[in-house]
Structure formats: structure tokens, C-alpha cells
Amino acid sequence: MPARYDLHTHSTHSDGTTTPAQIAAEAASLGLSGFALTDHDTVEGWDEARAHAALAGIDFLPGMEVTTKHDHRSTHLLAYGIEADSAELTAALARVRESRHGRAREMVLRLSADFDIDWQSIIEGGEDRTLGRPHIADALVSAGYFADRGAAFAEVLHPRSRYYVPTYAIDTVDAIRMVRDAGGVAVLAHPAAGRMTRPVDLSALSDFVAAGLWGIELHHPENRAEWIPELTEAAARLGLHVTGASDYHGAGKANRLGECTSDEQTWQAIRSLVAVAR
Ligand code: AMP
Ligand code: FE
Ligand code: FE
Ligand code: ZN
């Protein structure tokens, strides 16, 4: 069987439910040749993931999923192989994580008027994680209000909910430039995610390419199939590389590790371009 690599996974350092070590072991047992750890806005899991990938005899690529927005659209940007101590990116990411922390606190405060949850139940799972709505969902599930994260999102955590509070996001064009300046490769995550009302705008996509976007994650479990042909054409026209990945979140989402993958050529192409290749 040809080599397969999963380029998008989340651990307990953000909103996944499995540790980097567990992801490495699971990836190996599935027969994947390697994986990238792409926690939201943090590089905290890299060392553990790297060490356990080596133990399991598979490859590892350090990555991250950066919280960005462009033209009022929430846009997730995968960043591979960045120099973790690049000053501008590090400062921007610290601001993103701090805003996420304050935003989660505010959402919990609003929810606590109607639900018996408190801040303690959020930070029990680790205060240093990149906090997001999934952690609030977990608290609501533990307290017995919802069956799973998906139900909590559908009922009270979605952007039109009265409990919703926005969080700071870097402009996508600025983020792409920062990722490039930090020696990384930038790939647009799930550009046709079904939870959005439309796919990424084609003129925005051209702006991203002008800023240095390298690839686009067209193979992703949540991409809506009917939006893919137009984006495939645009990717070819703009010279974007097409990637595939699962966006694994452990038990936090239905996405299975290795459900969508990238091939050897894509993996090596990224590795040959980045500042930190393993
Ligand atoms: P936030 O980071 O607070 O904006 O929350 C967005 C994160 O929540 C995404 O990274 C997804 O992993 C997760 N998410 C979004 N919708 C759902 C859902 N329906 N079920 C489980 N997780 C979700
Ligand atoms: Fe997530
Ligand atoms: Fe995402
Ligand atoms: Zn993700």
C-alpha cells in the first residue's frame, strides 16, 4: 500500500481528547507513515509527538492550526514547520490564546446563568491548553445537559447563540505572511467545511496565494462535496498544492484518524520547504 500521512490532528494541548503520544501510537497502528500535530495556536505538543513518533517508528511533522479571519469569515490556517521562537508569530499567537481564555471565561459566565457549570470545571482539564468552545461543551456534557460536543454546539455554542462571545483572530493574509517569515508552509484548512454557509471566497483565495499560501486542504471529512469541483479548479489555476487530512480530535469529533490523508510526494514537498522539518 502507498504511504499515507495525516496532516491535521489535535491533542489535549488544544481541543483533542488524546495525548500526542496516543496519536503517535494510533497512527502507527493504523499503518500511517507519519502525521503532523496541528493543535490550535500552540506548539506545546511537538516534543512529545516527535518522541513518540520515533518510538512508534513513524515520521512526524510539527504543525499548528492558526485562528485567523478574513472579511468576517473565520478561517483556519495550517502552519507547518515554523520556527517556534519567531518573535512576531509568537506574540500574535500569545494574543490569540489570551483572547480565547478571556472569551471562554465570558461564555461560561453567560452560560452559568442557565446551566450549572463554572470556570473551575473548564480549567480542571488543564489551564495551559488552548481553550475553545469544545472545552465548554465537555463541561456541559459532564454536567449532563448534552449527549456530546456536537449537541452542545448545535444548541448553545454556535455563533448565533446568546451565549456566544467572539474571540480575537489574526487576519489571514497577515498570518500567512508571518508563517512564511517564520520559515513555515501555510495551508488553508477545510475551505469547504459544511458548517459554513459558503466555501472560501475565490477572490480571498487569490489574496491568500499572493501572500504566500502554499496549499489547500481539499480532502477533509467536513468539506462539502458539491463545493469541491470549483475549488479544485481554482487550486489548479492558482498553483496551490492539494492536501488531505482528518482533523482528528480523539473522541471530541466523529473524524477518524487517517480518514483523509496526503501522499508521500506532498509530505516530502512540505518537508523540503520548511525551517523545522521533523
Ligand atoms: P473555537 O475554537 O472556540 O472557535 O471552537 C471551534 C472548534 O470547535 C473547532 O476547532 C472544532 O474542533 C470544534 N467544533 C466545532 N463544531 C463542532 C461540533 N459540532 N462538534 C464537535 N466539535 C466541534
Ligand atoms: Fe478544533
Ligand atoms: Fe479547524
Ligand atoms: Zn483542526
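Structural notes, computed from the coordinates.

Calculation notes
- Residues numbered from 1 in each chain as written.
- Chains lettered and ligands numbered in written order.
- Predicted model: local features only at pLDDT ≥ 70, side-chain atom pairs only at ≥ 80, totals over all residues.
- Heavy atoms only, no water.
- Helix = DSSP H or I, 4+ residues; strand = E, 2+ residues; numbered from the N terminus.
- Rg over C-alpha atoms; globule rule 2.2 N^0.38 Å.
- Contact = heavy atoms within 4.5 Å.
- Areas by Shrake-Rupley, 256 points an atom, 1.4 Å probe, with all protein chains shown as cover.
- Lys, Arg positive; Asp, Glu negative; His and termini not counted.
- Charge placed at Lys NZ, Arg CZ, Asp CG, Glu CD.
- Polar contact = N/O pair within 3.5 Å; in protein donor to acceptor, adjacent residues only side chain to side chain.
- Donors = N, O, S within 2.8 Å, 3.2 Å for Na, K, Ca; no water.
- Buried < 20%, exposed > 50% of the residue type's maximum accessible area, 1.4 Å probe, protein only.
- Phe/Tyr/Trp six-rings, centres within 6.5 Å; stacked < 30°, edge-to-face > 60°.
- Salt bridge = Lys/Arg side-chain N within 4 Å of Asp/Glu carboxyl O.
- Near = heavy atom within 4 Å.

**Observations regarding the overall build of the chain**
Part 1: Secondary structure assignment for the chain yields 10 helices and nine strands.
Part 2: The C-alpha radius of gyration computed for the chain amounts to 18 Å, which stays within 12% of the reference 19 Å derived for 278 residues, consistent with globular compactness.
Part 3: Judged by the C-alpha coordinates and their principal axes, the chain covers about 50 × 45 × 40 Å.
Part 4: Sequence separation of 24 or more characterises 74% of the internal contacts of the chain that already satisfy a separation of 6 or more.
Part 5: Of the roughly 12000 Å² of accessible surface on the chain, a fraction of 50% belongs to carbon and sulfur atoms.
Part 6: Computed over 25 positive and 39 negative side-chain charges, the inter-centroid distance for the chain is 3 Å.

**Focus on the side chain of Ser161**
Part 1: By the secondary structure assignment, Ser161 is in the loop between α6 (149-157) and β5 (170-171).
Part 2: Within the structure, the side chain of Ser161 is placed 2.7 Å from the backbone oxygen of Val156, a separation counted as a polar contact.
Part 3: Polar side-chain contacts of Ser161 include one of 3.0 Å to the backbone nitrogen of Tyr163.

**Regarding the coordination of the iron ion (ligand 3)**
Part 1: Glu65 (OE), His76 (ND1) and His190 (NE2) make up the full set of protein donors to the iron ion (ligand 3), lying at 2.1 to 2.2 Å.
Part 2: Summarised as a motif, the one-chain spacing of the donors to the iron ion (ligand 3) is E-x10-H-x113-H.
Part 3: A gap of 5.3 Å separates the iron ion (ligand 3) and the iron ion (ligand 2). On the criterion of sequence distance, the pair formed by Glu65 in strand β3 (residues 59-70) and His190 in the loop between β6 (185-188) and α8 (202-211) is long-range, its members being 125 residues apart. Pair check on accessibility: Glu65 and His190 agree, each one buried.

**Describing the packing of aromatic side chains**
Part 1: Enumeration over the complete set of coordinates arrives at five aromatic pairs.
Part 2: Relative to Tyr163, the ring of Phe115 lies with its centre 5.9 Å away and its plane at 70°, an arrangement referred to as edge-to-face. Separated by 48 residues along the polypeptide, Phe115 in the loop between α3 (87-111) and α4 (119-123) and Tyr163 in the loop between α6 and β5 bring together distant segments of the chain.
Part 3: The class of Phe115 is buried, set by a relative accessible area of 14%.

**Examining the side chain of Arg103**
Part 1: Counting through the fold element by element, Arg103 comes out in helix α3.
Part 2: Here Arg103 is buried and forms no salt bridge, its nearest opposite-charge partner Asp41 lying at an N-O distance of 8.8 Å.

**Observations regarding helix α5 (residues 133-142)**
Part 1: With seven of its 10 residues buried, α5 lies for the most part within the structure.
Part 2: Taken residue by residue, α5 has Arg133, Pro134, His135, Ile136, Ala137, Ala139 and Leu140 as its buried positions.
Part 3: Following α5 by one or two positions, Gly144 adopts a phi angle in the positive range, close to 90°.

**Structural notes on the site of ligand 1**
Part 1: As a structural note, the neighbourhood of ligand 1 is formed by 13 residues, with His40, Arg100, Arg103, Arg133 and His249 the closest of them.
Part 2: In this structure, Asp15 approaches ligand 1 through a side-chain N or O atom, which is 3.3 Å from an oxygen atom.
Part 3: Between ligand 1 and His249, the relevant distance is 2.7 Å, taken from an oxygen atom to a side-chain nitrogen or oxygen of the residue.
Part 4: Out of a free accessible area of 500 Å², ligand 1 has 84% covered by protein chains.
Part 5: Contributions of two or more residues to the shell around ligand 1 are made by α3, α5 and α6.
Part 6: The element best represented in the shell around ligand 1 is α6, accounting for three residues.

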